[in-house]
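Survey of secondary and tertiary structure
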Amino acid sequence: MLNIPYGKQDIDEEDIAAVVKVLKSDFITQGPVISQFEEEFAKRVGAKFAVAVSNGTTALHIAYLASGMTQGSKVWTTPNTFVATSNAALYIGAEVAFVDICPKTYNISIEDLKRKLVESKESGTLPDFVVPVHFSGLSCEMDQISLLAKEYGFKVIEDASHAYGASFNKNAVGSCEFSTAVTFSFHPVKIVTTGEGGIITTNDEKLYEKLKILRTHGITHDPSLMPSLKEGPWHYQQIVQGFNYRMTDIQAALGLSQLKKTEKFIRRRREIAEYYNEKLKHLPLLLPDSTRLQESSWHLYVIQLLKHDRLEIFNKLREQKIGVNVHYIPVNSQPYYRSLGHDPLHTPIALKYYQNCLSLPIFPTIQQYELDYVIETLSGLLT
Ligand SMILES: *Cc1c(COP(=O)(O)O)cnc(C)c1O
């Protein structure tokens, strides 16, 4: 019996051999593979520096901290994201607000962002940070966001958990062309995996140094960063409050091996998206915006049902062992966020989108007959 998930990792023998090699080596954590992985990742996305961490959420947390987010900082993001994007700001005691999404890209709406900026300028409540999320792997309009950042004086941290391998105007996502830092997740459903894992890229050397210290308890071994004299070779000093957010060498070895497959993975994801676009176009659906098909990393393939009840179609597809999913429940509709005063009615486009959206299976190892099965089953339900 078929059982098709919406997303899944692709691990081959080469990946397994890379992990085994580390397991047999002297260091399974805090060893040499971490920096090899970081250097290779930075090179691939065209950034100067990369810091690997335990997951995409901790990547966001220390990216926020290192770039100066503090208690009371005003942080704007999209409700169409995983809760981690805004939760990591709440860890710091920041005040989160949500900007509505664009009905075409499902990313943060530039129009709504502008409108809110004008309003908040008048009331003296401009944001300190804006966190665009490249939903489904399609980059936000970063040129416009960075112009607004200059005009209104906020910092930009990109949550690129979906968008490793994506580009914007020929720039790889992660290059930090338009932002202070970019974060990625290596959860198994994402583009490449380390089991659990994340990374932050930046071109700012000071930020890079801060990230490395925050990742490991706020401790430094570098005498030039120590407030007091080093008492001997053993002497480290804790200079800020930090965390244990380290990635292991076992994970980094898997990541390094996975990076080699980037082009193959992305090519296959684009092929699948193109195939769905072609085969589903006659159905009463809103298909993903395909004008930037070649730029997206296609982490997700999201359709909107135009005439049918989403719950009913979702259940019927699941009965047929097709692992459809819903991305995302608006963060501002979560009970915890409501308890903080948020309300999904503040972002009506995201709310309406949520009521009709459905993510179809997309991952590199999906078989042609599985794709055809998804298409035939969905077609049968909608016609
Ligand atoms: C997956 C994801 C995260 C969190 O990453 P983890 O590695 O699961 O901690 C954050 N933001 C978005 C948009 C994600 O999809």
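For the structure, see preceding data.
A short tour of the structure in this document, coming up. What you are looking at is a predicted structure, and each value in this text was computed from that prediction instead of being measured. Chains are numbered independently. Their residues run from 1 in the order of the written sequence. Residue-level local features of this predicted model are given only where pLDDT is at least 70; pairs of side-chain atoms are given and counted only at 80 or more, and the full residue set underlies all totals for whole chains, interfaces and linings. Think of the side-chain values as coming from all heavy atoms in the structure, minus any hydrogens and water.

Moving on: the site of the ligand. The local shell around the ligand holds 15 residues, among which Gly56, Thr57, Asp159, Ser185 and Lys190 are the closest. In protein, a polar contact means a hydrogen-donor-capable atom and an acceptor-capable atom, both N or O and within 3.5 Å, with residues adjacent in sequence counting only if both atoms are side-chain atoms; elsewhere, any N or O pair within 3.5 Å suffices. At 3.3 Å from a nitrogen atom of the ligand is found a side-chain nitrogen or oxygen belonging to Ser161. One of the side-chain nitrogen or oxygen atoms of Tyr328 is found 3.2 Å away from an oxygen atom of the ligand. About the coverage of the ligand: the protein hides 92% of its 380 Å² of free accessible area. Numbering of helices and strands starts at the N terminus; helices are DSSP runs of H or I of at least 4 residues and strands are runs of E of at least 2. Every element with two or more residues in the shell around the ligand is listed here: α3 (56–66) and α4 (84–91). Note on residue categories: nonpolar means Ala, Val, Leu, Ile, Met, Phe, Trp, Tyr, Cys or Pro, charged means Asp, Glu, Lys or Arg, and polar means any other residue, Gly included. Per-class residue counts for the shell around the ligand are four nonpolar, nine polar and two charged. Whether a residue is near a molecule or strand depends on its heavy atoms: if one lies within 4 Å, it is near. The accessible surface values rely on the Shrake-Rupley method and a 1.4 Å probe; as for residues, cover is taken only from the protein chains in view.

Turning next to the side chain of Thr262. Mapping Thr262 onto the fold places it in helix α9 (residues 262–280). By relative accessible area, Thr262 is classed as buried at 5%. Among the polar contacts listed, one links the side chain of Thr262 to the side chain of Tyr164, at a separation of 2.8 Å. A polar contact is formed between the side chain of Thr262 and the backbone oxygen of Leu259, at a distance of 2.5 Å. Only heavy atoms matter for contacts: two residues are in contact if any of them lie within 4.5 Å across the pair. Among all residues touching Thr262, those that are not within four sequence positions of it are Arg44 and Tyr164. Relative accessibility decides the category of a residue: with a 1.4 Å probe and only protein chains considered, values under 20% of the type maximum give buried, values over 50% give exposed, and everything between is partly exposed.

Before going further, it helps to spend a moment on unusual backbone geometry. Each neighbour pair has its own omega, and for His327 with Tyr328 the value is -5°, a cis peptide bond. Relative to the assigned elements, Tyr328 resides in the loop between α10 (310–319) and α11 (335–339). Even without being glycine, Tyr106 reaches a positive phi, approximately 65°. Relative accessible area serves as the criterion here: at 5%, Tyr106 is assigned to the buried category. Located in the positive-phi region is Lys170, a residue other than glycine, with phi close to 70°.

This part takes up the nonpolar core. With 41 residues, the main nonpolar core has Tyr276, Leu280, Leu285, Tyr301, Ile303, Leu360 and Leu378 as its most contacted residues. Among the elements of the structure, α9, β13 (301–305), α10, α12 (348–356), β14 (357–360) and α13 (368–382) are those that each provide at least two residues to this core. With six residues, the single largest contributor to this core is α13. In this structure Tyr276 touches Tyr301, Leu360, Pro361, Leu371, Val374 and Ile375, once residues within four positions along its chain are discounted. Think of a nonpolar core as a cluster: buried Ala, Val, Leu, Ile, Met, Phe, Trp, Tyr and Cys residues, connected wherever their side-chain atoms sit within 4.5 Å. In terms of nonpolar packing, the next biggest core, distinct from the first, is built from 31 residues, Leu211, Leu214, Phe243 and Tyr245 among them.

The strand order β1-β9-β8-β5-β4-β2-β3 describes an open sheet built from seven strands, whose pairing is mixed. The open sheet has two edge strands, β1 (49–53) and β3 (95–98), and neither has a second partner. Going across the sheet, the axis of each strand differs from the next one's by a mean of 20°, ignoring polarity. When DSSP finds two or more bridges between two strands, those strands count as paired. Across three bridges, the pairing between strand β5 (residues 155–159) and strand β8 (residues 181–185) is parallel. When the bridges of β8 are listed, Glu158 appears paired with Val182. The axes used here are C-alpha line fits, helices contributing only the stretch in contact, and every angle between their N-to-C directions lies in the interval 0 to 180 degrees.

In contact at an axis separation of 11 Å, α9 and α13 are set at 30° when each is read in the N-to-C sense. Judged on the interaxial angle alone, α13 and α9 are roughly parallel. Crossing handedness for the pair α9 and α13: right-handed. Of α13, the residues touching α9 (which contributes Arg268, Ile272, Tyr275, Tyr276, Lys279 and Leu280) are Gln368, Leu371, Asp372, Val374, Ile375 and Leu378. Our angle categories are set so that under 35 degrees counts as roughly parallel, over 145 as roughly antiparallel, 65 to 115 as roughly perpendicular, and the remainder as oblique. Two helices that cross are described as forming a left-handed crossing if the nearer one is turned anticlockwise from the farther one by less than a right angle, and a right-handed crossing if clockwise.

Read these as geometric descriptors, not functional statements.
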